[in-house]
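Structural overview
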Amino acid sequence: MWKKCIKTVKTHGTLENIKSYLFDPSYTSSIKWIVITIEFVLNLYIIQTVKYTEIDWKAYMQEVEGVVVNGTFDYGKLKGDTGPLVYPAGFVYVFSMLYYLTAFGKNIRVGQYIFMLLYLVNIYLVFKIHERSKKVPPFVMLLQCFSSYRIHSIYVLRLFNDPIAVILLYLSVYMFLKNKWVVGSIVYSLAVSIKMNILLYSPVLLIAYITKFGIRGTIKHITYCALVQLLLGLPFLINNPINYVQGAFDISRVFVYKWSVNWKFVPPNIFVSGYFHTLLLAIHLTVLLCFTATWIKYLNSYAKMKQIEHDLKPQLKKKKININMDISANLFLLPMFSANFIGIMFSRSLHYQFYVWYYHTLPFLLWSTPYGNKFRLIVLGLIEICWNTFPATAFSSALLHVCHCIILYGLHRYRYRYGSIKKNR
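Here we summarise the structure given alongside this text. Predicted, not measured: the structure shown is a model, and the values here were computed from it. (Residues numbered from 1 in each chain as written. Predicted model: local features only at pLDDT ≥ 70, side-chain atom pairs only at ≥ 80, totals over all residues. Heavy atoms only, no water.)

**Observations regarding the packing of helix 5 (residues 89–101) against helix 6 (residues 108–133)**
Viewed as axis vectors pointing N to C, helix 5 and helix 6 meet at an angle of 130°, and their least axial separation amounts to 9 Å. With respect to each other, helix 5 and helix 6 are oriented oblique. Seen from above, helix 5 lies across helix 6 with right-handed handedness. Contacts from Phe95, Leu98 and Leu101 of helix 5 reach helix 6 at Val110, Ile114 and Phe115. (Axes fitted to C-alpha atoms, helices over the stretch in contact; angles between N-to-C directions. Helix = DSSP H or I, 4+ residues; strand = E, 2+ residues; numbered from the N terminus. Parallel < 35°, antiparallel > 145°, perpendicular 65-115°, else oblique. Left-handed = near helix turned anticlockwise from the far one by under 90°. Contact = heavy atoms within 4.5 Å.)

Encoded structure:
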């Protein structure tokens, strides 16, 4: 056995092979389990040595306790220390399970271990997506997994609901890439039922439905999504539909200036102004419209390529020919991740836990721009610094917007070229 191990090391441990494992995106799957194993050990170490910080977990437990203990299904009466319940029904079901698994929310350590497993699932799904895109060099994913204190903190030291929504989102994206659209639509709606930020992907998903299925097929998939929301929310809708809709899908909520990561250079009175929110929404929609024509081209091509792949699959399988997945996957991923990024860029406020909304998509977006690798890594590093600056300052907020503008400009510059979805190494 030792002779085989030594022979394997000698065979794969050459300088050329090491370079391939680090810089060739086609080797992404080769390092997946190595990264997950190291992350498992790292997260165990963090849980054992770094003190847990209470922020929202207690409030989550108080909110779901109103349902599981008191039997209250009126959303207007479900509250915690941080205020009323403001998440859709899926949140209630998931955190009700966590309520019982953690001894009524009191065994924080068990909750941390559960969120550690969720983090590992998240890493696995991110790798599966990157395996199909073959765009981002493996060394970037290594750096990203091990270098972010903030992301590890959000998962295992804070126990926020955002990671659960993002995990379901990545699962739905992976299902879409595998051409399992019904499952993808259901899982996507489940993600929305945890937190509404997942709706930032919806403009591109709507275009993807139309280009692949036409109007009738689009209506069918939207119906699947709506049925999930209806079934999950039914007990609350029956009790008090107005309170449920207003509480779970409140888009007029005003955020606290103190926790804003992205607008600290704006005076507090402007930050809470309705005019400022309207302006951000208008810019958000305008930028989406600027990219829409290109996204339609990409998704039309994606639908055609997937159809060709489906038609030829039996023949290719018979002849043992593998299909190159990277171009077709990128035609779908680039619009999806770009739409989410644009929504985050013009968000009314970003709190620290919102970093997970786009953290694992940033390398893909940057490697879809014309910039060099060193510059891309610098941008990733600066973004990490901004999110780790606590409390946020006017400078860190402004720097974050500069980094976002750099990424947006890079995406804009290549938006009419299919070259932007080829491998950039």
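**Let's talk about unusual backbone geometry**
Cis geometry marks the peptide bond from Phe390 to Pro391; its omega dihedral reads -5°. Relative to the helices and strands, Pro391 is located in the loop between helix 17 (373–388) and helix 18 (394–413). Its identity as a non-glycine residue notwithstanding, Lys134 has a phi of 50°, on the positive side. With respect to the helices, strands and loops of the structure, Lys134 is situated in the loop between helix 6 and helix 7 (138–147). For Asn179, which is not glycine, the phi torsion reads 70° and is therefore positive.

**Quick word on helix 5**
An ideal rise of 1.5 Å per residue puts 18 Å on 13 residues; helix 5 measures up with 19 Å between its terminal C-alpha atoms. Residues of helix 5 that are buried include every one of Ala89, Gly90, Phe91, Val92, Phe95, Ser96, Leu98 and Tyr99, and no others. Ala103 sits one or two residues past helix 5 and shows a positive phi near 55°. (Expected span 1.5 Å × (residues − 1). Buried < 20%, exposed > 50% of the residue type's maximum accessible area, 1.4 Å probe, protein only.)

**What to know about the state of the cysteines**
What we call a disulfide is simply a covalent bond connecting the sulfur atoms of a pair of cysteines. Under the definition given, this model contains 0 disulfides. Summary of cysteine pairing: Cys403 is not part of a disulfide, and the nearest cysteine sulfur, belonging to Cys386, is at 5.2 Å. Exposure remark for Cys403: the relative accessible area of 1% places this residue in the buried category. (Disulfide = S-S within 2.5 Å.)

**Regarding the environment of Phe332**
Relative to the assigned elements, Phe332 resides in helix 15 (residues 326–345). Taking the C-alpha atoms as reference, Phe332 lies 9.0 Å from Ala303; in sequence the two are 29 residues apart. Beyond its immediate sequence surroundings of up to four residues, Phe332 is in contact with Val173, Phe176, Leu177, Trp181, Ala208, Leu299 and Tyr302.

**Points about the nonpolar core**
By size, the foremost hydrophobic cluster in this structure holds 127 residues, and its most contacted members are Phe95, Phe332 and Ile383. Setting aside residues no more than four positions away along its own chain, Ile383 makes contact with Tyr355, Tyr358, Leu362, Leu400, Cys403 and Ile407. (Core = buried A, V, L, I, M, F, W, Y, C linked by side-chain atoms within 4.5 Å.)

**What about the packing of aromatic side chains?**
Taken as a whole, this structure holds 37 aromatic pairs when the rule is applied. Ring geometry for Tyr60 and Phe91: centres 5.2 Å apart, planes at 75°, overall edge-to-face. With Tyr60 in helix 4 (residues 57–68) and Phe91 in helix 5, this residue pair connects regions lying 31 residues apart in the sequence. Side by side, Tyr60 and Phe91 carry an identical accessibility label, which is buried. Ring plane angle 10° and centroid distance 4.2 Å describe the contact between Phe354 and Trp357, whose orientation is recorded as stacked. A residue is classified by how much of its surface remains accessible, and Phe354, at 5% relative accessible area, is buried. Overall, Trp357 belongs to the buried group, its relative accessible area being 9%. Three or more aromatic residues joined by ring pairs form one cluster here, namely Phe176, Trp181, Tyr209, Phe213, Tyr302 and Phe332. (Phe/Tyr/Trp six-rings, centres within 6.5 Å; stacked < 30°, edge-to-face > 60°.)

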